[in-house]
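Descriptive analysis of the structure
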Amino acid sequence: MSQPDVAVVGGGLIGRCLAWRVSRCGARVALYDSADSQGMNSAAWAAAGMIAPTTEVIDSDAQISSMGANSLKLWPQWLAELPIPVFYRDNGTLLLWHVEDTGEAARAQSMLTSRQSQLCVRYLEGSQVADVEPELGSRFPRALYVPAEAQVDNRGFLKAVGLALEEAGVESHWETAIDDSNRPDAGIVVDCRGMGAKSDLRSLRGVRGEIVRLHAPEIQLSHMLRLLHPRYPVYVVPRSEGQLVVGATAFESDDRSPASVRGILELLTSAYSIIPALAEARILEFNTQVRPALPNNQPAILFDPERRILRLNGLYRHGFLLTPTIVEEVLGLLSGRSSGRWPCLNVNCSVASFGLLNTSAEMQKW
Ligand SMILES: Cc1cc2nc3c(=O)[nH]c(=O)nc-3n(C[C@H](O)[C@H](O)[C@H](O)COP(=O)(O)OP(=O)(O)OC[C@H]3O[C@@H](n4cnc5c(N)ncnc54)[C@H](O)[C@@H]3O)c2cc1C
C-alpha cells in the first residue's frame, strides 16, 4: 500500500473500531498492534462488555452517561454491519443489595433519580424481583431495575471486527510494536495504545481490574446483576453457553501480574452472596488487566500538531460504553466537522487541524 490516509496504532478496543469505521468511509487505513489479532493483550479482552449508561451514573460524571446512552443506540447498528454475529443482550440491569446495605442502595437511588431522570429506573418490591429474574427467588425483597442497558461479548466483538478489517482490506500489522523510533508514515497517525501510550501521556495511570469467568449452565440469568455494596460492588454478567463473567476489582495500580487471592476471594464471595448456586460453578479463568485512565477519569482526544498524532485515550472503565460515540466523533473531526456535543471528551484541537486530510477525495466522503 502507498502511504495510508490513516495509521492506527493499537488494535485493542477503540483502535480496532476506529480502523474499521474509517475504512468503511473509503480511506486507506493501516493498523498496528504489538500483540496478535485476537487482542489478548488489551483491556478489552478482559472486560465484561457492559454498556450501562444509567448504572454508571452512580460512580461517574453525568456526561459519561449521556455519551453512553448515545452509544447504546449505535451498538445494534454497528453489530448489524459486522460479518459474523456477536452475542449482544439488552435486557437491562438489576441492582441488588443486602438488607444491611440499605444505605448504599439509598445513595445509588438518589444519584440515579437526581442525574438521570430522563432514563427509566423501576423500583421492584416483593415478588416483582423474582418475576423479573426468577433465579433470585425470594432472596432480595427489593431491587432497582434499569431496563435500558446492554452487554456485548467482548471477545466475540474483537474477533468480528478483526474479520471486518480483513474484508475491508485494512493493512493489519499484528505483533508490531510502535514507538517514536518506528512511527508509520501516514496522513495522520492515531495513537490508541491504551496503557501502551504511558511514555507519551505522562498523566495516564492504570487501574488494575481482576475478573473471573465461570461456567454454570444450570443458572439461568437473563439480566446483568450488580450488587450495591460499600466495599465489594460485584457484578455478574450472563453470557451465552452457560458462561458468567464476575467482576471486577479496582486498584490504583498498573500491575498486570496474575489475579490475587484476595481479589478473587472478594469477587466470588460477593457473587455467591447473590446466587448461592454459584458454589457449584466451574472456574474457567481468572484474568487481570489495567484500565487506562486520565486524572479526571474521562476520555480525551488530544492532537499533537507537530507530529500529526491524534491520541485517543482515558477510556478507563467505559471503553465499551463510550467507544461508538467517540469513534463517530473522531470520524467527524477527521472530516472537518465536530458535533461539539460532548464537552467531557476533552478535545484539544479544532477541526481546522485536519485540513490536510480533508483535501483527499476519500475523506470528503465522510
Ligand atoms: C476487568 C475489566 C473490566 C471492564 N469492564 C468493562 C465494561 O463492562 N464496560 C466497559 O465499557 N468497559 C469495561 N472495561 C474497560 C475497557 O476494557 C477499556 O476502557 C478499553 O478496553 C480501553 O480501550 P483501549 O483501546 O484504549 O485500550 P486497550 O483495549 O487496552 O487496547 C490497547 C491496544 O494497544 C496495543 N498496544 C500497546 N502498546 C502498543 C505499542 N507500543 N504498539 C502497538 N500496539 C500497542 C495493545 O496490544 C492493545 O491491543 C473493563 C476493563 C477491565 C480491565
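Residues numbered from 1 in each chain as written. Predicted model: local features only at pLDDT ≥ 70, side-chain atom pairs only at ≥ 80, totals over all residues. Heavy atoms only, no water.

**Considering the overall build of the protein**
Inclusion rule: Only DSSP runs of H or I reaching four residues or more are called helices, and only runs of E reaching two or more are called strands; each is numbered from the N terminus. All radius of gyration figures rest on C-alpha atoms, and the globule criterion is 2.2 Å times the number of residues raised to 0.38. Partly exposed describes any residue whose relative accessible area lies between the buried limit of under 20% and the exposed limit of over 50%, with all areas from a 1.4 Å probe on protein chains only and scaled to the type maximum. In this description, contact between two residues means that some pair of their heavy atoms is separated by no more than 4.5 Å. In these tables, accessible area is a Shrake-Rupley quantity obtained with a 1.4 Å probe, and a residue counts as shielded only by the protein chains included in the view. Just so you know, the count uses Lys and Arg for positive and Asp and Glu for negative, and it drops His and the chain ends. Lysine's charge is taken at NZ, arginine's at CZ, aspartate's at CG and glutamate's at CD.
In terms of regular secondary structure, the protein is built from 9 helices and 18 strands. Relative to the globule expectation of 21 Å for 366 residues, the C-alpha radius of gyration of the protein, 21 Å, shows essentially globular dimensions. Each principal axis of the C-alpha distribution contributes one length, and for the protein these read about 65 × 40 × 40 Å. When each of the 366 residues of the protein is scored for burial, the buried share is 55%. Summarising the internal contacts of the protein: among those between residues at least 6 apart in sequence, 77% fall at separations of at least 24. Just so you have it, the protein exposes about 15,200 Å², and 50% of that area is on carbon and sulfur atoms. When the 34 basic and 40 acidic side-chain charges of the protein are each reduced to a single mean position, those positions are 3 Å apart.

**A closer look at the packing of aromatic side chains**
Aromatic ring pairs are described here by two measures, namely the spacing of the ring centres and the angle between the planes. Formally: Here is the rule: rings of Phe, Tyr and Trp (six-membered ring for Trp) pair when centre to centre is within 6.5 Å. Planes less than 30 degrees apart are stacked, more than 60 are edge-to-face, and the remainder are tilted.
Per the stated rule, a full pass over the model turns up 4 aromatic pairs. Here the aromatic rings of W75 and F157 are separated by 4.8 Å at their centres, their planes lie at 65°, and the arrangement is edge-to-face. Of the two residues, W75 is situated in helix α3 (residues 62–80) and F157 in helix α6 (residues 154–167); the sequence distance between them amounts to 82 residues. With respect to burial, W75 and F157 carry one shared label: buried. With 6.3 Å between their ring centres and 15° between their planes, W75 and F320 make a pair best called stacked.

**Quick word on the domain arrangement of the protein**
Threshold: All the domain ranges listed were derived from an automatic or database domain assignment. The buried area of a pairing is the accessible area, by a 1.4 Å probe, that goes missing from both parts when the two are put together, added over both. By convention in these notes, a salt bridge is any Lys or Arg side-chain nitrogen within 4 Å of a carboxyl oxygen on Asp or Glu. Identification of polar contacts relies on pairs of N or O atoms within 3.5 Å, with a donor-acceptor requirement for protein atoms, meaning one able to donate a hydrogen and the other able to accept it, and with residues adjacent in sequence counted only if both atoms are side-chain atoms.
We note that the domain assignment places domain 1 (6–46 + 154–202 + 295–364) and domain 2 (93–147 + 205–293) within the protein. Distance between the C-alpha centres of domain 1 and domain 2: 31 Å. Counting from both sides, the interface comprises 18 residues of domain 1 and, opposite them, 16 residues of domain 2. Area buried by domain 1 at its contact with domain 2 is led by A46, M195 and Y316, which between them contribute 41% of it. Linking domain 1 with domain 2 are 1 salt bridge. Our count for the contact surface shared by domain 1 and domain 2 stands at 9 residue pairs in polar contact (both at pLDDT 80 or more). Of all the secondary-structure elements, those providing two or more residues to the side of domain 1 that touches domain 2 are α2 (43–46) and α6.

**Points about the packing of helix α1 (residues 14–24) against α6**
What counts here: To obtain an axis, a line is fitted to C-alpha atoms, over the contacting stretch when the element is a helix, and the angle between two such axes runs from 0 to 180 degrees between their N-to-C directions. Crossing handedness is defined as follows: a turn of the near helix away from the far one that is anticlockwise and smaller than a right angle gives a left-handed crossing, while the clockwise case is right-handed. Note on residue categories: nonpolar means Ala, Val, Leu, Ile, Met, Phe, Trp, Tyr, Cys or Pro, charged means Asp, Glu, Lys or Arg, and polar means any other residue, Gly included.
Relative orientation of the contacting elements α1 and α6 amounts to 35°, with a least axis distance of 9 Å. Seen from above, α1 lies across α6 with left-handed handedness. On α6, the residues that touch R16, C17, A19 and W20 of α1 are F157, L158, V161, G162, A164 and L165. Taken together, the residues of the contact of α1 with α6 break down into 8 nonpolar, 1 polar and 1 charged.

**Topic: empty space enclosed by the protein**
So the rule is basically this: Space inside and on the surface of the protein is sampled on a 1 Å grid over the protein atoms alone, with a cavity defined as a set of points where a 1.4 Å probe fits but cannot get out and a pocket as an open set with protein on both sides within 12 Å along at least 5 of 7 lines; lining residues have an atom within 4 Å of a point. Grid points are joined across faces, edges and corners, and a volume is the space filled by probe spheres set on the points.
The full count for this structure, using the stated rule, is 1 cavity of 30 Å³ or more. Computed from the structure, the largest cavity encloses a volume of approximately 90 Å³. Lining the largest cavity we find V9, I178, D179, D180, R183, V189, D191, R193, D200, I309 and R311. Contributing elements (two or more residues each) for the lining of the largest cavity: β10 (188–191) and β18 (309–313). Here the residues of the lining of the largest cavity sort into 4 nonpolar, no polar and 7 charged.

**Here's the deal with the site of the ligand**
As a reminder, the rule being used: Any residue with a heavy atom lying within 4 Å of a molecule or strand is counted as near it.
Residues in close proximity to the ligand total 35 residues, the closest being D33, A43, M50, Y316 and F320. One of the backbone nitrogen or oxygen atoms of I14 is found 3.0 Å away from an oxygen atom of the ligand. Contacts to the ligand include A44, whose backbone N or O atom sits 3.1 Å from an oxygen atom. Expressed as a share of its isolated accessible area of 1,000 Å², the protein-covered part of the ligand is 94%. Every element with two or more residues in the shell around the ligand is listed here: α2, β16 (282–293) and α8 (319–334). A per-element tally of the shell around the ligand places α8 first, with 3 residues. Residue classes in the shell around the ligand are distributed as 17 nonpolar, 14 polar and 4 charged. Viewed by domain, the shell around the ligand spans two of them, domain 1 (6–46 + 154–202 + 295–364) and domain 2 (93–147 + 205–293), each represented by three or more residues.

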